[in-house]
Protein chains: 2
Amino acid sequence: MPAQLPIQIDRRTRTTLQDQLFNEIRQLILSSRLRPCSALPATRELCGQLGVSRNTVLLAYERLIAEGYLETRPAIGTFVTTHLPEDSLLLQAGRVALKDGTAVRKRCPLVFRGRPHGVYNGGREQLPIDFKVGRPAPDSFPVKRWSQMTAEQLRLASENLTEYTDPAGLHRLRKAIADHLGPARGITVSAEQVLVVAGCQEALNIIARLFVHERTRVAIECPAYQGAAYLFESYGAELLPVPVDTEGLQTSRLPGGEVSLAYLTPSHQYPLGHTLSLKRRLELIDWAGRSGAYLVEDDYDSDFRHHGSPLTALKGLDHSGCVIYLGTFSKSIGAALRLGYMVLPEELVEPARTVKTLLNNGQPWLDQAVLAAFIASGGFANHLRRIRRTYLHRRDCLVEQLHKHFGEVHLSGLEGGMHLTWRIPGDFPDAPRLERMARKEGVGIYSLPTGAAYCKDTDELVARTIMLGYSSLGEVSIKEGIARIARIVVAPLSEEAAVTDSSLCSLNQSAADYRSPA
Amino acid sequence: MPAQLPIQIDRRTRTTLQDQLFNEIRQLILSSRLRPCSALPATRELCGQLGVSRNTVLLAYERLIAEGYLETRPAIGTFVTTHLPEDSLLLQAGRVALKDGTAVRKRCPLVFRGRPHGVYNGGREQLPIDFKVGRPAPDSFPVKRWSQMTAEQLRLASENLTEYTDPAGLHRLRKAIADHLGPARGITVSAEQVLVVAGCQEALNIIARLFVHERTRVAIECPAYQGAAYLFESYGAELLPVPVDTEGLQTSRLPGGEVSLAYLTPSHQYPLGHTLSLKRRLELIDWAGRSGAYLVEDDYDSDFRHHGSPLTALKGLDHSGCVIYLGTFSKSIGAALRLGYMVLPEELVEPARTVKTLLNNGQPWLDQAVLAAFIASGGFANHLRRIRRTYLHRRDCLVEQLHKHFGEVHLSGLEGGMHLTWRIPGDFPDAPRLERMARKEGVGIYSLPTGAAYCKDTDELVARTIMLGYSSLGEVSIKEGIARIARIVVAPLSEEAAVTDSSLCSLNQSAADYRSPA
């Protein structure tokens, strides 16, 4: 006769009695306390023991049989399954090494070597006034319109919601993007060259999978966008940093020999904000011809050009098909949309589509359908007009406040985008320190490393550069934020500020080239 | 005096006159027909020549100056910029090799070697009756509820739409998933171990980046899901196929030595549909201890268990932390959502989160917020109950029709999921041929390769196996579809069928083990 089972039933938890019984018996078997072939109590007995209904026991036994833990022998009873591997059970119970003498190996090691870039703010405290870089104004999101469009697209969706979508993206969205790029960026492409992705970051992954393995040579701006540098690094690339000055990437310092990729931000250099000059654009395309490199143009915030017509993209100059163009809706609509696109030279269209298919079978249908409708209806153009005006005012307000409190200030990146950089004077605390001091006053300002910039051998630049995003802050907050910084700096320099190393004031070439606003 | 510019203005296109003028002059410069330093006509002259307003010419000139093509010399005139690199211009015009003698290199080669798996149906014709595998019923999508929830989440979103979201996923969604996995799959995990991804396919990429490089050993079912096999292959893995039979993967044939990963579908083997037996589950976990491998459990369609209680996942047996569990909402709600998740052993949580950050900064906020609300409100549980009933009826209808038309049929994978496999008799045309014949009659049925199965050395299995998805077809269509197939097969065998190679009828072990439904 089987002994009573050592089972505890807890009537206070939310787990059903049947589930508890199932789990307890299963655990007895897996921990080898109930051995293979041993008999279980009859259901009648067990329900008496536990004070539960017979049905509860019957259903638990049934499930244990279905999952292979128990077996019935007609007219005899219910038993722990005969053929369960005893070694496994003892191993599960943590009692023995494997009987056959083989050792338990350490799990296979990670081959991944990488570090995350810092765009997500979650770990940081919420600051009352935060000059975050590259964030759209929260109240600019077209909530009402988006609700309506979503309802409409859902109504018309039919099987599109349950089916797999074209991994290259919804055709009408690709068409809308291609049509937008002509007037907006001077790029003439067909919808077929447009691949919809989850943002520039995902686009960079697709490019890395296409071209990068151990020791692939990748030229990159210095300083550069961290998300790109860390990504290529994680694929094993050899990064070749090229310094930037006020005309953007210094083409004269591009590496010789074969190079696979050059990553750059020609419209509004990240992080410093300079625009790549026409002369250098042409030289860069020449260099691509000599080095064999594809040029990766990350046009992250080019929707905001504060003066004159929109600037033609580097891609618009590209007659040899060497430019891979990346665009995003993270800056123009919202980062949480996770929608962007890449424009590919013909020969890369199919390989990139294959990588995207293998990666995640494409972007969600509904988000694409809503965005396509938003662009096609003219809603996107209106939205851009509206926020451009807002961001221009905020930029002007920020510049004015900086002048008001600090007199002549050295700023760059004013022509466009959503942030500017400020070369702080030599008698200020260095930038990382100033950032910490401001944070204590509830103001978020960013030195290059915390502003998601990749900096190599740029200590002096790091010490003297502050990034100020203005797009997500109202003018009242901008005024208050700059006033608080002024109070920190102008107040008798605290002990912390006093230890500023004056050697940091000798600026290197790229920093010295900052200009003051006209 | 500068000559007249060879410019054509077209008044019939939608491009503005100013844009046309800008483009034409820019093209003259880039093609080196207007050389550096050459003078441009005065605006007054040019507007006379072209018959456009002076303002149009002024604005075009202004933009060309802003972009660096032209420069003004006060009181003298407007000129093509002096310092433009002539070599570049000539190169752009396609006229000369680089003057400095360096050759133009071929673009850097692709390092990517991969092929896309076939889940997207876009390239194929629309068939009136399509037994597609693994597609939810199109009319099952909760359209109205989704509209309402989206509107509500948008209303409450505040800065969540414009900010970057936690790359690991929205915490309340991770919590809802963790809570769901206890009762549904017998898995006890914290929200912190759940990583939200774009579906199982993306999860596999994250795993590949963590563990796979050139010649990493990856065990895989044979036949297996194509999307997994092709993916690991594209990362350079050495695939080690392990045959399956009616108890699932044959543990006795697992490879020896160190192995990094084993990919499998224990609940409903893809493509054949078997459930991995408890004995083998335990043996597999032992093997993981000996080989050092992580077991990747792809639980793609486990929400549908047609008999008894839900089956405990392999992860539910895992006390040593060797199982990485993958789940998806593609099968339970809709593939176009692109939402799934992975459950990670503690030590992989941070590395996987880093990979996901570098990959695409996480999933869209709105989709996650709506899904979390759907689960938390009980809507998901109701939805599952409803469609489970529907799919069970459809499965029963399909089995009944097969019996009716073909007598005793050998089916597998009936216990759960959204498709079954049919071992067709030896006197039928082989499966790929039957598939083509059915297609001509407007009926989609799938042999293993077109059903997104990876098959290596399984010619006989391929010849005799047909996959039939039933979840997206109404009962009327199921009846008509099977009747049409019966007409094809029962009709005097056509010339095409007559050439069937009888050698294909000798089935290999795994195919011979198919069982007939009870």
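What follows concerns a positive patch on the surface. Residue and element names in this part refer to chain A. Residues Arg385, Arg386, Arg388 and Arg389 make up a contiguous surface patch of positive charge. You can see Arg388 is positioned in helix α12 (residues 379–406). Take Arg388: its relative accessible area is 30%, and that puts it in the partly exposed class.

This part takes up the confidence of the model for chain A. Residue and element names in this part refer to chain A. In this model, chain A carries a mean pLDDT of 89, and residues with pLDDT of at least 70 account for 90%. Confidence drops under a pLDDT of 50 for residues 494–518, and excluding neighbours within four residues, the segment shows 57 contacts in the predicted structure. The complex prediction reports pTM at 0.88, with the ipTM value standing at 0.89.

Rotating chain B by 180° and translating it 0.0 Å along the rotation axis places it on chain A, where the RMSD comes to 0.1 Å. Both copies of the chain, as the preceding transformation shows, are related through a two-fold rotation axis. Of all interface residues in chain B, 100% are interface residues in chain A too; the two copies therefore contact each other through one and the same surface.

Time to look at the packing of aromatic side chains. For the structure shown, the criterion picks out 30 aromatic pairs over all chains. Through successive ring pairs, a cluster of aromatic residues spans Phe141, Trp146, Tyr325, Phe329, Tyr341, Phe374 and Phe380 of chain A. We note Arg73 of chain A situated over the ring of Phe79 of chain A; from NZ or CZ to the ring centre the distance is 3.9 Å. For Arg107 of chain A, the ring lying beneath its charged end belongs to Tyr294 of chain B, and the centroid distance is 5.7 Å.

Before going further, it helps to spend a moment on the interface of chain B and chain A. Between chain B and chain A, the residue contacts involve 125 residues of the former and 125 residues of the latter. The contact between chain B and chain A buries some 10,300 Å² in all, and 59% of this surface belongs to carbon and sulfur atoms. Of all residues in chain B, Arg107, Tyr164 and Leu358 of chain B bury the most surface against chain A, accounting for 9% of the area lost on that side. At the boundary of chain B and chain A, one finds 6 salt bridges. If you look at where chain B meets chain A, you find 46 residue pairs in polar contact (both at pLDDT 80 or more). Counting only elements with at least two residues in the side of chain B that touches chain A, the list comes to α1 (17–30), α4 (86–92), α5 (143–156), α7 (200–211), α8 (226–234), α9 (278–291), α10 (346–360) and α11 (365–376) of chain B. The leading source of residues in the side of chain B that touches chain A is α9 of chain B, at 10 residues. Grouping the amino acids of the side of chain B that touches chain A by side-chain chemistry returns 59 nonpolar, 40 polar and 26 charged.

This part covers the sheet that holds strand β16 (residues 446–447) of chain A. All names here are of chain A. Within the open sheet, the 4 strands sit side by side as β13-β14-β18-β16. Their pairing is antiparallel. Two strands in the sheet have a free side with no partner beyond their single neighbour: β13 (410–412) and β16. Sheet strands in contact with α12 are β13, β14 (419–423) and β18 (465–469), and its direction is about 20° off that of β14.

Quick look at the side chain of Thr81 of chain A now. Looking at the element boundaries, Thr81 of chain A is found in the loop between β2 (77–80) and α4 (86–92). Of the polar contacts made by the side chain of Thr81 of chain A, one reaches the backbone oxygen of Gly68 of chain A; its length is 2.7 Å.

Scanning all chains against the criterion turns up 0 disulfides over all chains. Of all cysteine sulfurs in the structure, the one in Cys322 of chain A sits closest to Cys108 of chain B, which takes part in no disulfide; the separation is 11 Å. You can call Cys108 of chain B buried: its relative accessible area is 11%.

To continue, consider the layout of surface pockets. In this structure, the second largest pocket encloses a volume near 780 Å³. In terms of lining residues, the second largest pocket is bounded by 26 residues, among which Asn23 of chain A together with Gly182, Gly186, Ile187 and Thr188 of chain B are the most central. Counting residues per element, the ones that place at least two in the lining of the second largest pocket are α1 (17–30) of chain A together with α6 (171–185) of chain B. Here the element with the most residues in the lining of the second largest pocket is α1 of chain A; it accounts for 6 residues.

Residue and element names in this part refer to chain A. With respect to the secondary-structure elements, Ser447 resides in strand β16. Separated by 21 residues in the primary sequence, Ser447 and Leu468 have C-alpha atoms spaced 9.1 Å apart. Leave out the neighbours within four places in its chain, and Ser447 touches Ala431, Pro432, Glu435, Thr465, Ile466 and Met467. Among the polar contacts listed, one links the side chain of Ser447 to the side chain of Glu435, at a separation of 2.6 Å.

This part is about the sheet that holds strand β12 (residues 340–343) of chain A. Residues and elements named next belong to chain A. One open sheet accounts for 8 strands, arranged β4-β12-β11-β10-β9-β5-β7-β8; its pairing is mixed. Strands with a single pairing partner mark the edges of an open sheet, and in this sheet they are β4 (194–197) and β8 (248–249). Across 4 bridges, strand β10 (residues 294–298) lies against strand β11 (residues 323–328) in parallel orientation. Bridged to Leu295 within β11 is Val323.

This next bit is on the nonpolar core. Counting 200 residues, the largest nonpolar core has Ile25, Phe232 and Leu295 of chain A together with Ile25, Phe232 and Leu295 of chain B as the members making the most contacts within it. When near neighbours in sequence (up to four residues on either side) are disregarded, Ile25 of chain B contacts Leu5, Ile7, Leu34, Leu40, Leu46, Tyr61 and Leu64 of chain B. Counting residues in hydrophobic clusters, the runner-up holds 140 residues, among them Phe329, Leu398, Ile485 and Ile488 of chain B.

To continue, consider the pattern of salt bridges. Oppositely charged side chains can form a pair if their charged atoms are brought close together. If you walk through the whole model with that rule in mind, you get 39 salt bridges over all chains. As a salt-bridge pair, Asp318 of chain B and Lys315 of chain B come within 3.5 Å of each other at their nearest N and O atoms. Judged by relative accessible area, Asp318 of chain B falls into the buried class, the value being 11%. For Lys315 of chain B, a relative accessible area of 9% corresponds to the buried category. Sharing partners across several salt bridges, the network here consists of Lys132 and Arg135 of chain A together with Glu159 and Glu163 of chain B.

A few words on the environment of Ala313 of chain A. Residue and element names in this part refer to chain A. Inspection of the secondary structure puts Ala313 in the loop between β10 and β11. For Ala313, a relative accessible area of 0% translates into the label buried. C-alpha of Ala313 to C-alpha of Glu347: the two residues are 34 residues apart in sequence and 20 Å apart in space. Excluding its chain neighbours within four sequence positions, the residues that come into contact with Ala313 are Arg185, Ile187, Arg281, Glu297, Asp299 and Tyr325.

Backbone torsion omega between Cys222 of chain B and Pro223 of chain B reads 0°, so that peptide bond is classified as cis. Turning to its location among the elements, Pro223 of chain B is positioned in the loop between β5 (217–222) and β6 (224–225). In the segment running from Tyr270 of chain B into Pro271 of chain B, the intervening peptide bond is cis, with an omega of 10°. On the secondary structure map, Pro271 of chain B appears in the loop between β9 (261–264) and α9. A positive phi angle, near 50°, is found at Arg338 of chain A, a position not held by glycine. Relative to the helices and strands, Arg338 of chain A resides in the loop between β11 and β12. Given the relative accessible area of 4%, Arg338 of chain A is considered buried.

Another point: the packing of helix α6 (residues 171–185) of chain A against helix α11 (residues 365–376) of chain A. When two helices pack together, their arrangement is captured by the angle between the axes and the distance separating the axes. All names here are of chain A. The interhelical angle for the contact between α6 and α11, taken along N-to-C directions, is 40°, at an axis separation of 9 Å. Judged by the angle between their axes, α6 and α11 are oblique. Crossing angle aside, the handedness with which α6 passes α11 is left-handed. Across from Arg172, Leu173 and Ala176 in α6, the residues of α11 making contact are Trp365, Gln368, Ala369, Leu371, Ala372 and Ile375. Each residue belonging to the contact of α6 with α11 can be placed in one class, and the counts come to 7 nonpolar, 1 polar and 1 charged.

Rules behind the numbers
All chains use their own residue numbering, which begins from 1 and follows the written sequence. Chains carry letters and ligands carry numbers; both start at the beginning, A for chains and 1 for ligands, and go up in the order they are written. In keeping with the predicted nature of the model, local features appear solely for residues at pLDDT of at least 70, side-chain atom pairs appear and are counted solely at 80 or more, and the whole-chain, interface and lining totals rest on all residues. To obtain the side-chain values, all non-hydrogen atoms of the structure were used and water was disregarded. Exposure above 30% relative accessible area and the lack of any salt bridge qualify a residue for a patch; like charges then connect within 9 Å, and the nonpolar side chains Val, Leu, Ile, Met, Phe, Trp and Tyr within 5 Å. All accessible-area figures derive from a Shrake-Rupley calculation using a 1.4 Å probe, and residue coverage is judged against the displayed protein chains alone. What makes a salt bridge here is a side-chain nitrogen of Lys or Arg within 4 Å of a carboxyl oxygen of Asp or Glu, nothing more. The positive count covers Lys and Arg only, the negative count covers Asp and Glu only, and His and the chain ends enter neither. Where a charge lies is defined by one atom per residue type: Lys uses NZ, Arg uses CZ, Asp uses CG and Glu uses CD. Strands here are runs of E lasting at least two residues and helices are runs of H or I lasting at least four, both read from the DSSP assignment and numbered beginning at the N terminus. When a residue's accessible area, from a 1.4 Å probe over protein chains only, is under 20% of the maximum for its type it is buried; when over 50% it is exposed; and in between it is partly exposed. Note on scores: pLDDT gives the predictor's confidence for each residue, bounded by 0 and 100. Contacts are residue-level and defined by heavy atoms, with any inter-residue pair within 4.5 Å sufficient. Least-squares fitting of one copy onto the other uses the C-alpha atoms of those residues that reach a pLDDT of at least 70 in both copies. Two rings belonging to Phe, Tyr or Trp (six-membered ring only in the last case) form a pair when the distance between their centres is within 6.5 Å. Interplanar angles under 30 degrees mark stacking, angles over 60 mark edge-to-face geometry, and anything in between is tilted. Only lysine NZ and arginine CZ atoms are considered, and such an atom sits over a ring when it is within 6 Å of the ring centre and within 35 degrees of the ring normal. Note on definitions: buried area is the accessible-area loss of two parts on being combined, 1.4 Å probe, summed for both. Polar contact is the term for a pair of N or O atoms within 3.5 Å; when the atoms are in protein, one must be able to donate a hydrogen and the other to accept it, and sequence-neighboring residues count only if both atoms are side-chain atoms. Put simply, Ala, Val, Leu, Ile, Met, Phe, Trp, Tyr, Cys and Pro go in the nonpolar bin, Asp, Glu, Lys and Arg in the charged bin, and everything else, Gly too, in the polar bin. Strand pairing is defined by DSSP finding a minimum of two bridges between the two strands. Only the stretch in contact is used when a helix axis is fitted, and all axes are lines through C-alpha atoms; the angle between N-to-C directions ranges over 0 to 180 degrees. Cysteine sulfur atoms are paired as a disulfide whenever they come within 2.5 Å of each other. Here a cavity denotes grid points, spaced 1 Å and computed from the protein atoms alone, that fit a 1.4 Å probe unable to get out, and a pocket denotes an open set having protein on both sides within 12 Å along at least 5 of 7 lines; residues with an atom within 4 Å of a point are the lining. Grid points are joined across faces, edges and corners, and a volume is the space filled by probe spheres set on the points. Take the buried residues of types Ala, Val, Leu, Ile, Met, Phe, Trp, Tyr and Cys, join any two whose side-chain atoms come within 4.5 Å, and each joined set is a nonpolar core. For this classification, under 35 degrees means roughly parallel, over 145 means roughly antiparallel, 65 to 115 means roughly perpendicular, and everything else is oblique. For any pair of crossing helices, the crossing counts as left-handed if the nearer helix is rotated counterclockwise from the farther one by less than a right angle, and right-handed if it is rotated clockwise.

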